Amino acid sequence: MYKLTQHKFWGALALIMSIMFVVFMINGCGDDDDDDSGTTNDDDDSGTTNDDDDDDAGPPPATDVEVTPAAGSTVPSNQEFTLKFNEGVTAATANGVAATGAGINWTVKPFEGAEGNQNLTITWTNRDNSSGNSAVGAYTVDDPDVVAAIVTTGTVADGDADVDPELVNAGIRIDFDEAVTGTIDITDEAGASLKWTASVAGQTATLTPVAGTEVANETTYKIEVKVKDGAGNETNLTITFVTKAKE
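Everything numeric in this text was worked out from a predicted model, so none of it was measured.

Trainee: I'd like a description of the overall build of the chain, backed by residues and values.
Mentor: Counting its secondary structure elements, the chain contains two helices and 14 strands. When the 247 residues of the chain are sorted by exposure, 27% land in the buried category. Counted over contacts in the chain with a minimum sequence separation of 6, partners at least 24 positions apart contribute 57%. Carbon and sulfur atoms provide 52% of the accessible area of the chain, an area that totals close to 15300 Å².

Dropping the structure here:
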(Lines give C-alpha, C1' and ligand atoms only; values in the text may rest on other atoms or scores of the structure.)
Protein backbone atom coordinates (compact mmCIF):
# COMPACT_ATOMS: atom_id res chain seq x y z
CA MET A 1 0.00 0.00 0.00
CA TYR A 2 2.88 2.27 0.82
CA LYS A 3 4.53 1.63 -2.53
CA LEU A 4 1.33 2.40 -4.40
CA THR A 5 0.93 5.72 -2.59
CA GLN A 6 4.55 6.64 -3.24
CA HIS A 7 4.08 5.88 -6.91
CA LYS A 8 1.11 8.20 -7.08
CA PHE A 9 3.08 10.93 -5.29
CA TRP A 10 5.93 10.91 -7.79
CA GLY A 11 3.45 10.81 -10.67
CA ALA A 12 1.61 13.84 -9.35
CA LEU A 13 4.88 15.71 -8.80
CA ALA A 14 5.95 15.03 -12.35
CA LEU A 15 2.61 16.31 -13.64
CA ILE A 16 2.89 19.51 -11.61
CA MET A 17 6.40 20.15 -12.88
CA SER A 18 5.26 19.62 -16.47
CA ILE A 19 2.46 22.16 -16.04
CA MET A 20 4.84 24.71 -14.48
CA PHE A 21 7.23 24.29 -17.42
CA VAL A 22 4.49 24.91 -19.96
CA VAL A 23 3.30 28.04 -18.09
CA PHE A 24 6.88 29.31 -17.91
CA MET A 25 7.34 28.85 -21.67
CA ILE A 26 4.11 30.67 -22.45
CA ASN A 27 4.93 33.64 -20.20
CA GLY A 28 8.41 33.83 -21.55
CA CYS A 29 7.18 34.12 -25.15
CA GLY A 30 4.80 36.92 -24.11
CA ASP A 31 7.67 39.22 -23.17
CA ASP A 32 7.91 40.29 -26.83
CA ASP A 33 4.95 42.67 -26.23
CA ASP A 34 7.27 44.95 -24.28
CA ASP A 35 9.67 45.28 -27.20
CA ASP A 36 11.01 48.83 -27.61
CA SER A 37 11.25 48.68 -31.42
CA GLY A 38 8.13 50.85 -31.80
CA THR A 39 6.63 48.66 -34.55
CA THR A 40 3.70 47.27 -32.52
CA ASN A 41 3.58 49.31 -29.31
CA ASP A 42 0.65 51.72 -29.42
CA ASP A 43 2.43 53.92 -26.87
CA ASP A 44 5.71 54.35 -28.77
CA ASP A 45 6.94 57.72 -29.99
CA SER A 46 7.62 56.72 -33.59
CA GLY A 47 4.17 57.84 -34.76
CA THR A 48 3.79 54.78 -36.99
CA THR A 49 0.91 53.11 -35.13
CA ASN A 50 0.02 55.52 -32.31
CA ASP A 51 -3.73 56.22 -32.45
CA ASP A 52 -3.24 59.31 -30.26
CA ASP A 53 -1.98 61.23 -33.30
CA ASP A 54 -5.60 61.67 -34.47
CA ASP A 55 -6.39 63.69 -31.35
CA ASP A 56 -4.13 66.48 -32.61
CA ALA A 57 -6.12 67.00 -35.83
CA GLY A 58 -8.09 70.27 -35.70
CA PRO A 59 -11.44 71.07 -37.38
CA PRO A 60 -11.24 71.03 -41.19
CA PRO A 61 -11.16 74.43 -42.94
CA ALA A 62 -13.93 75.58 -45.28
CA THR A 63 -12.92 75.36 -48.93
CA ASP A 64 -16.15 76.36 -50.67
CA VAL A 65 -19.13 78.67 -50.21
CA GLU A 66 -22.56 78.62 -51.87
CA VAL A 67 -23.92 82.13 -52.42
CA THR A 68 -27.59 83.03 -52.94
CA PRO A 69 -28.59 84.90 -55.12
CA ALA A 70 -26.21 83.38 -57.65
CA ALA A 71 -23.64 85.35 -59.62
CA GLY A 72 -25.06 87.07 -62.70
CA SER A 73 -28.31 88.05 -60.97
CA THR A 74 -29.85 91.52 -60.91
CA VAL A 75 -30.42 92.44 -57.27
CA PRO A 76 -31.61 95.49 -55.33
CA SER A 77 -28.91 97.32 -53.42
CA ASN A 78 -30.41 96.22 -50.11
CA GLN A 79 -30.56 92.54 -51.10
CA GLU A 80 -29.64 90.14 -48.29
CA PHE A 81 -27.31 87.34 -49.43
CA THR A 82 -27.04 83.92 -47.80
CA LEU A 83 -23.64 82.25 -47.51
CA LYS A 84 -23.46 78.49 -46.94
CA PHE A 85 -19.98 77.07 -46.32
CA ASN A 86 -19.00 73.43 -46.67
CA GLU A 87 -17.46 73.58 -43.16
CA GLY A 88 -18.14 75.78 -40.15
CA VAL A 89 -16.39 79.16 -39.96
CA THR A 90 -16.02 81.72 -37.17
CA ALA A 91 -16.38 84.91 -39.26
CA ALA A 92 -17.22 85.94 -42.82
CA THR A 93 -17.38 89.09 -44.94
CA ALA A 94 -18.76 90.01 -48.36
CA ASN A 95 -16.98 92.91 -50.05
CA GLY A 96 -15.67 93.86 -46.62
CA VAL A 97 -19.12 93.89 -44.97
CA ALA A 98 -19.29 91.65 -41.90
CA ALA A 99 -21.79 88.80 -42.20
CA THR A 100 -24.06 87.58 -39.42
CA GLY A 101 -24.40 83.93 -38.52
CA ALA A 102 -22.60 80.89 -37.15
CA GLY A 103 -21.25 77.58 -38.35
CA ILE A 104 -21.94 77.07 -42.04
CA ASN A 105 -24.84 79.57 -42.41
CA TRP A 106 -24.35 83.36 -42.69
CA THR A 107 -26.23 86.37 -44.11
CA VAL A 108 -25.00 89.75 -45.32
CA LYS A 109 -26.03 92.81 -47.40
CA PRO A 110 -22.88 93.57 -49.43
CA PHE A 111 -24.22 96.12 -51.94
CA GLU A 112 -25.97 98.78 -49.86
CA GLY A 113 -25.27 102.17 -51.43
CA ALA A 114 -23.85 100.58 -54.60
CA GLU A 115 -25.29 100.49 -58.12
CA GLY A 116 -24.48 99.15 -61.57
CA ASN A 117 -22.15 96.22 -62.21
CA GLN A 118 -20.52 94.97 -59.01
CA ASN A 119 -18.19 92.09 -58.23
CA LEU A 120 -18.61 90.04 -55.07
CA THR A 121 -15.76 88.59 -53.01
CA ILE A 122 -16.30 86.45 -49.92
CA THR A 123 -13.66 86.05 -47.20
CA TRP A 124 -13.83 83.95 -44.04
CA THR A 125 -11.95 82.77 -40.98
CA ASN A 126 -11.80 79.04 -40.33
CA ARG A 127 -12.09 77.41 -36.92
CA ASP A 128 -8.35 76.72 -36.97
CA ASN A 129 -7.76 80.49 -37.50
CA SER A 130 -6.68 80.02 -41.12
CA SER A 131 -8.44 82.14 -43.75
CA GLY A 132 -10.17 81.57 -47.07
CA ASN A 133 -11.66 83.61 -49.88
CA SER A 134 -13.76 83.19 -52.98
CA ALA A 135 -14.37 85.54 -55.93
CA VAL A 136 -18.04 84.82 -56.59
CA GLY A 137 -18.60 86.94 -59.67
CA ALA A 138 -20.47 89.96 -60.99
CA TYR A 139 -23.97 91.26 -60.20
CA THR A 140 -26.14 94.04 -61.57
CA VAL A 141 -27.18 96.21 -58.65
CA ASP A 142 -30.40 98.23 -58.94
CA ASP A 143 -32.36 100.61 -56.72
CA PRO A 144 -33.23 99.37 -53.22
CA ASP A 145 -36.30 97.19 -52.82
CA VAL A 146 -38.82 98.85 -50.49
CA VAL A 147 -41.94 96.87 -51.50
CA ALA A 148 -42.97 93.85 -49.44
CA ALA A 149 -44.01 90.55 -51.00
CA ILE A 150 -47.63 90.37 -52.18
CA VAL A 151 -49.90 87.31 -52.11
CA THR A 152 -50.83 86.22 -55.63
CA THR A 153 -52.93 83.10 -54.91
CA GLY A 154 -54.09 81.11 -51.91
CA THR A 155 -56.24 78.15 -50.93
CA VAL A 156 -58.50 80.46 -48.93
CA ALA A 157 -58.78 84.24 -48.64
CA ASP A 158 -59.46 86.44 -45.64
CA GLY A 159 -63.20 86.58 -44.90
CA ASP A 160 -64.12 83.39 -46.77
CA ALA A 161 -67.22 81.63 -45.39
CA ASP A 162 -68.81 78.26 -46.10
CA VAL A 163 -65.38 76.79 -46.82
CA ASP A 164 -65.43 73.06 -47.44
CA PRO A 165 -63.24 71.36 -44.79
CA GLU A 166 -62.12 68.83 -47.39
CA LEU A 167 -60.55 71.67 -49.39
CA VAL A 168 -58.52 72.88 -46.43
CA ASN A 169 -57.67 69.41 -45.15
CA ALA A 170 -56.02 68.68 -48.49
CA GLY A 171 -53.42 71.30 -47.51
CA ILE A 172 -53.12 75.08 -47.52
CA ARG A 173 -50.94 76.92 -50.01
CA ILE A 174 -50.14 80.64 -50.33
CA ASP A 175 -48.05 81.98 -53.24
CA PHE A 176 -46.16 85.31 -53.30
CA ASP A 177 -44.82 87.46 -56.10
CA GLU A 178 -41.21 86.96 -54.89
CA ALA A 179 -39.13 84.62 -52.77
CA VAL A 180 -39.74 84.87 -49.03
CA THR A 181 -38.63 83.33 -45.76
CA GLY A 182 -40.56 83.14 -42.51
CA THR A 183 -43.38 81.25 -40.80
CA ILE A 184 -46.97 80.16 -41.36
CA ASP A 185 -49.41 78.58 -38.89
CA ILE A 186 -53.11 77.80 -38.48
CA THR A 187 -55.04 78.29 -35.22
CA ASP A 188 -58.52 77.36 -34.01
CA GLU A 189 -61.21 79.54 -32.42
CA ALA A 190 -59.42 79.44 -29.05
CA GLY A 191 -56.19 80.63 -30.67
CA ALA A 192 -54.43 77.28 -30.24
CA SER A 193 -52.17 76.09 -33.03
CA LEU A 194 -53.24 72.97 -34.91
CA LYS A 195 -49.51 72.24 -35.27
CA TRP A 196 -49.70 71.34 -38.94
CA THR A 197 -46.48 70.79 -40.85
CA ALA A 198 -45.35 74.21 -42.12
CA SER A 199 -42.97 75.17 -44.90
CA VAL A 200 -41.87 78.50 -46.39
CA ALA A 201 -39.58 78.06 -49.39
CA GLY A 202 -39.10 80.04 -52.57
CA GLN A 203 -42.30 81.94 -53.36
CA THR A 204 -44.62 79.51 -51.55
CA ALA A 205 -45.82 78.90 -47.98
CA THR A 206 -47.66 75.66 -47.21
CA LEU A 207 -49.45 73.94 -44.33
CA THR A 208 -49.98 70.16 -44.33
CA PRO A 209 -52.48 68.60 -41.88
CA VAL A 210 -51.35 66.16 -39.22
CA ALA A 211 -53.64 63.18 -38.63
CA GLY A 212 -56.18 63.91 -35.90
CA THR A 213 -55.93 67.71 -36.22
CA GLU A 214 -57.99 68.30 -39.37
CA VAL A 215 -60.38 71.27 -39.51
CA ALA A 216 -64.04 70.65 -38.68
CA ASN A 217 -67.35 72.00 -39.92
CA GLU A 218 -68.88 75.27 -38.67
CA THR A 219 -65.63 76.48 -37.12
CA THR A 220 -63.60 79.65 -37.47
CA TYR A 221 -59.89 79.33 -38.20
CA LYS A 222 -57.02 81.76 -38.70
CA ILE A 223 -53.92 81.42 -40.84
CA GLU A 224 -51.05 83.50 -39.48
CA VAL A 225 -48.32 84.43 -41.97
CA LYS A 226 -45.10 86.30 -41.12
CA VAL A 227 -42.59 86.46 -43.95
CA LYS A 228 -39.98 88.81 -45.42
CA ASP A 229 -38.43 89.17 -48.83
CA GLY A 230 -34.72 89.23 -49.68
CA ALA A 231 -34.48 92.94 -48.86
CA GLY A 232 -36.00 92.44 -45.42
CA ASN A 233 -39.42 93.92 -46.22
CA GLU A 234 -41.99 92.18 -44.01
CA THR A 235 -45.40 90.83 -44.94
CA ASN A 236 -47.69 89.94 -42.01
CA LEU A 237 -51.07 88.41 -42.80
CA THR A 238 -54.03 87.06 -40.84
CA ILE A 239 -56.44 85.09 -43.00
CA THR A 240 -59.69 84.29 -41.20
CA PHE A 241 -62.17 81.80 -42.69
CA VAL A 242 -65.20 79.82 -41.56
CA THR A 243 -65.97 76.25 -42.58
CA LYS A 244 -69.44 75.32 -43.80
CA ALA A 245 -72.10 73.41 -41.89
CA LYS A 246 -72.48 69.68 -42.25
CA GLU A 247 -74.77 68.61 -45.07
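Trainee: Can you explain the layout of surface pockets? Please cite residues and give values.
Mentor: A volume near 360 Å³ is recorded for the largest pocket. Around the largest pocket, the lining comprises 16 residues; the ones closest to its centre are Gln-79, Ala-179, Thr-181, Asp-229 and Gly-230. Tallied by class, the residues present in the lining of the largest pocket amount to four nonpolar, seven polar and five charged.

Trainee: Can you tell me about the nonpolar core, naming the residues and giving the values?
Mentor: Val-168, Phe-176, Ile-186, Trp-196, Ile-223 and Phe-241 are the most contacted members of the largest nonpolar core, which totals 21 residues. Looking at this core, the elements that each hand over two or more residues are β9 (172-176), β10 (180-187), β12 (204-208), β13 (220-229) and β14 (234-242). Examining the composition of this core, we find that four residues originate from one element, β13, more than from any other. In this view, Phe-176 contacts Ala-149, Ile-150, Val-151, Thr-152, Gln-203, Ala-205, Val-225, Val-227, Thr-235 and Leu-237; residues no more than four positions away in its chain are not counted. With 19 residues, the next largest nonpolar core counts Val-65, Val-89, Phe-111 and Trp-124 among its residues.

Trainee: Can you break down the sheet that holds strand β8 (residues 151-154) residue by residue, with the values?
Mentor: Taken in spatial order, the four strands line up as β8-β9-β12-β11 in an open sheet, and their pairing is antiparallel. One side of each edge strand has no neighbouring strand; the edge strands of this open sheet are β8 and β11 (197-201). Direction aside, neighbouring strands of the sheet carry axes that sit 10° apart on average. Across four bridges, the pairing between β9 and β12 is antiparallel. The residue bridging Asp-175 from the neighbouring strand is Thr-204, located in β12.

Trainee: Which residues make up the sheet that holds β13, and what are the values?
Mentor: Reading across from one edge, β10-β13-β14 is the order of the three strands in this open sheet, with antiparallel pairing throughout. Two strands lie at the open edges of the sheet, namely β10 and β14, each paired on one side alone. Neighbour-to-neighbour, the strand axes of this sheet turn through a mean angle of 10°, independent of strand direction. Pairing analysis gives nine bridges linking β13 to β14, with the strands arranged antiparallel. Across the sheet, the residue bridging to Thr-220 is Val-242, located in β14.

Parameters and conventions
Residues numbered from 1 in each chain as written. Predicted model: local features only at pLDDT ≥ 70, side-chain atom pairs only at ≥ 80, totals over all residues. Heavy atoms only, no water. Helix = DSSP H or I, 4+ residues; strand = E, 2+ residues; numbered from the N terminus. Buried < 20%, exposed > 50% of the residue type's maximum accessible area, 1.4 Å probe, protein only. Contact = heavy atoms within 4.5 Å. Areas by Shrake-Rupley, 256 points an atom, 1.4 Å probe, with all protein chains shown as cover. 1 Å grid on protein atoms, 1.4 Å probe; cavity = no way out; pocket = protein on both sides within 12 Å on 5 of 7 lines; lining within 4 Å. Points joined across faces, edges and corners; volume = space filled by probe spheres on them. Nonpolar A, V, L, I, M, F, W, Y, C, P; charged D, E, K, R; others polar. Core = buried A, V, L, I, M, F, W, Y, C linked by side-chain atoms within 4.5 Å. Pairing = 2+ DSSP bridges. Axes fitted to C-alpha atoms, helices over the stretch in contact; angles between N-to-C directions.

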